[in-house]
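# A look at the structure
The lines below spell out each chain.
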Amino acid sequence: MPVDINNLTDGWLELESDPGLFSLLLEDMGVRGVQVEEVYDLQKAFEGKVLGFIFLFKWIEERRSRRKIVESTDNYLNDDNIVNNMFFAQQTVPNSCATHSLVSVLLNCPHLDLGPTLARLKAHTVGMTPENKGWAIGNTPELANAHNAHAAPQARRRPPDHRATPGLPTSTRAANSAETFHFVSYVPIGGSLMELDGLKPYPIDHGPWQEGEDWTEQFRRVIGARLGGRAGGEPYHDIRFSLMAVVPDKITLHSHRLRSLATHKQMLLDAFQNYVESKCFHYFDLKEGQTLEECDAAHNVAPDWDAVSPADQTPEAGGTDAGGDGNDDSSKTALSPIPPGIHPTLDHCLDLDFVNNLAEHGRQGRHIWLLRQVVTLMEAESCNSEMLLKDEQEKRVRYKVDDCRRTHNYDQLIVTFLAGLAEGGQLGELVAQQLQPHRKKPLAPTGQALKNKSVTKASAGTKGGNSNSGAAAATSTNCKRRGRKKKTKPKRKR
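Residues numbered from 1 in each chain as written. Predicted model: local features only at pLDDT ≥ 70, side-chain atom pairs only at ≥ 80, totals over all residues. Heavy atoms only, no water.

## Looking at the overall build of the protein chain
- Scanning the protein chain from terminus to terminus reveals 17 helices and seven strands.
- The buried share of the protein chain, taken over its 494 residues, is 36%.
- Within the protein chain, counting contacts between residues at least 6 apart in sequence, those at least 24 apart form 72% of the total.
- Surface accessibility of the protein chain: about 30300 Å² in total, with carbon and sulfur atoms responsible for 53%. (Helix = DSSP H or I, 4+ residues; strand = E, 2+ residues; numbered from the N terminus. Buried < 20%, exposed > 50% of the residue type's maximum accessible area, 1.4 Å probe, protein only. Contact = heavy atoms within 4.5 Å. Areas by Shrake-Rupley, 256 points an atom, 1.4 Å probe, with all protein chains shown as cover.)

## A few points about the packing of helix α9 (residues 250–279) against helix α13 (residues 368–407)
- Across the interface, α9 lies against α13 with an axial gap of 9 Å and an inter-helix angle of 155°. With respect to α13, the element α9 is oriented roughly antiparallel. In the packing of α9 onto α13, the handedness of the crossing is left-handed.
- Classifying every residue of the contact of α9 with α13 gives 13 nonpolar, six polar and eight charged. (Axes fitted to C-alpha atoms, helices over the stretch in contact; angles between N-to-C directions. Parallel < 35°, antiparallel > 145°, perpendicular 65-115°, else oblique. Left-handed = near helix turned anticlockwise from the far one by under 90°. Nonpolar A, V, L, I, M, F, W, Y, C, P; charged D, E, K, R; others polar.)

## So, the nonpolar core
- In terms of nonpolar packing, the biggest core is built from 46 residues, with F22, L102 and L118 touching the most fellow members.
- Ranked by the residues each element gives to this core, the list is headed by helix α4 (residues 97–106), at six residues.
- Those residues within four positions of L118 in sequence are excluded, and the remaining contacts are M29, V31, V103, L106, L107 and L143.
- Among the nonpolar cores identified, the runner-up in size contains 21 residues, and A271, C349, F354 and L371 belong to it. (Core = buried A, V, L, I, M, F, W, Y, C linked by side-chain atoms within 4.5 Å.)

## Some thoughts on a nonpolar patch on the surface
- On the surface, a nonpolar cluster with roughly 510 Å² of combined accessible area is contributed by Y410, L413, I414, F417 and L418.
- With respect to the element layout, F417 can be found in helix α14 (residues 411–423). (Patch = residues over 30% accessible without salt bridge, like charges linked within 9 Å, V, L, I, M, F, W, Y side chains within 5 Å. Salt bridge = Lys/Arg side-chain N within 4 Å of Asp/Glu carboxyl O.)

## Section: the packing of helix α12 (residues 352–363) against α13
- Look at α12 against α13: their axes get within 9 Å of each other, and the N-to-C directions meet at 135°. In terms of axis orientation, α12 runs oblique to α13. The crossing of α12 and α13 is left-handed. Every residue of α13 that contacts α12 at F354, V355, L358 and G362 is listed here: I368, L370, L371, V374 and M378.

## Looking at the packing of aromatic side chains
- This model, assessed by the stated rule, comprises seven aromatic pairs.
- A ring pair is formed by Y76 and Y202, whose centres lie 6.2 Å apart and whose planes are at 50°; its orientation type is tilted. A residue pair is termed long-range when its members are at least 10 positions apart, and Y76 in the loop between β2 (52–59) and α3 (80–85) and Y202 in the loop between β5 (192–196) and β6 (204–208) qualify at 126 residues.
- The buried category is assigned to Y76, whose relative accessible area is 13%.
- On the basis of an interplanar angle of 65° and a centroid distance of 5.2 Å, the ring pair of Y186 and F219 is categorised as edge-to-face. (Phe/Tyr/Trp six-rings, centres within 6.5 Å; stacked < 30°, edge-to-face > 60°.)

## Some thoughts on the pattern of salt bridges
- Tallying each qualifying case throughout the model produces 14 salt bridges.
- For E16, the salt bridge identified is with R406, shortest N-O distance 3.5 Å. With E16 in the loop between α1 (5–11) and α2 (19–29) and R406 in helix α13, the pair connects residues that are 390 residues apart, well separated along the chain.
- A salt bridge links D249 to R396, with the nearest nitrogen and oxygen atoms 3.0 Å apart. In this pair, D249 is assigned in the loop between β7 (242–248) and α9 and R396 in helix α13, connecting sequence segments 147 residues apart. Across the pair, R396 and D249 agree in class, each one buried.
- Through salt bridges that share partners, E16, D18, D403 and R406 make up one connected network.

## What about the pairing of β5?
- Counting buried positions along β5 gives five out of five residues, so the element sits mostly inside the fold.
- Of the two faces of β5, both are covered, the one formed by S192, M194 and L196 as well as the one formed by L193 and E195.
- Linking two consecutive strands that pair antiparallel, namely strand β4 (residues 180–189) and β5, is a turn of two residues; a positive phi of about 60° is found at G190 within it.
- The sheet contact formed by β5 and β6 spans three bridges and is antiparallel. (Pairing = 2+ DSSP bridges.)

## With respect to the environment of G127
- Along the polypeptide, G127 turns up in the loop between α5 (115–124) and α6 (130–138).
- Note on G127: relative accessible area 43%, which makes it partly exposed.

## Comments concerning the confidence of the model for the protein chain
- Looking at the protein chain as a whole, the pLDDT averages 76, with 68% of positions reaching at least 70.
- Across residues 63–70 the pLDDT falls below 50, and counting only partners more than four positions away or on other chains, this stretch makes nine contacts in the model.
- Ignoring residues within four places in sequence, the model shows residues 463–467, a span with pLDDT below 50, making zero contacts including any to other chains. (pLDDT = per-residue confidence, 0-100.)

Spelled out as structure tokens, the structure:
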């Protein structure tokens, strides 16, 4: 099917900076296993794996700026061979910077389920120049439809002469203002942090990160320097920016963790049941709240497993080596040793090799104490993962509800509501009330004013008091209010 490039160029709409919008945009593109989250704190390190960052900032055009913008070109990666082999696309379609930034992160990350649309785009643009890659994005109707599906109705009401302004920046505008905002992405490529801005001719190379640290630490330093000041030493006072992280899908992560914990827990329980059925059949009579030691004592059976905790075990007393547990039984297979004093963590619960080794020890009556601790920890982590999975599923539902409210056109509802008011004869009265100047209502007396008023009344005299003194006090008060001093009459001599 032929595609009209001009029609696609004219049809891309402005998008908001919202993690729910970008997560739903990923689903519409066909990408699986990835979501977008808002970043609120740059002071602490990022938890978990991060594929890339999307940064929204206020874009200032050089010819409209009050000062000369000095742009450093020293960090430009202008090697055509390297640039053409990565996915860096120049933005040739207006208002497509949101999709550009998201696609730039996805197509530079290996081992992702991109879906048919982005997989075809990635294979088609191998070795292309940045300009041709930008036209390839604009010539993909699936991306344009997915992009426009999440635009607010206000974005469709563009001025009729928007195409007649060649200097119009290709970026996202702020609502109800002439200010322009732009999306860029930060991605680790070839051991260096790259800034991919579709309005720049080349990628910006921010250098490698230090040995032994994650690439997000280098990003924190770069974005902190960018927010701390602009080029030329001018401080960055504008706080209207947002930062989002492209991360693996947490619903998939928690679901996989729940399945792994359930499988590993069942392996350990089966190993312990196998040991009980072979050597400790009396454990099937275990009562509720009764420990294994109490069950052994009740049946006058000496325990055949290591009843001491792993912290107290030694190779001689606890049998933690591969040789045995104090009994020379050649039928027991050689097992990998478990270090003494080990404290089980979530990583141990998810490690299949550790669980298999512990299960083999459990079948021979070894490390039963550790096995019980690991099973208890697995149950607690399963409950925690279920809660996190439920929160993520509820968040995804809220994303869809917010998207429906964002994209719904309420114009027809408003017109129908106003027409109903006009038919009922209430519209004119409501408009007249809003056009009348609002009179300021007198302020309610405060507690101190009420206190002063009561003091004045008390000084004017109470029942049974001297009326002359009350009148004198009132006269004195009135004189003080007028600003005059009360003349005192001289005493008459007798």
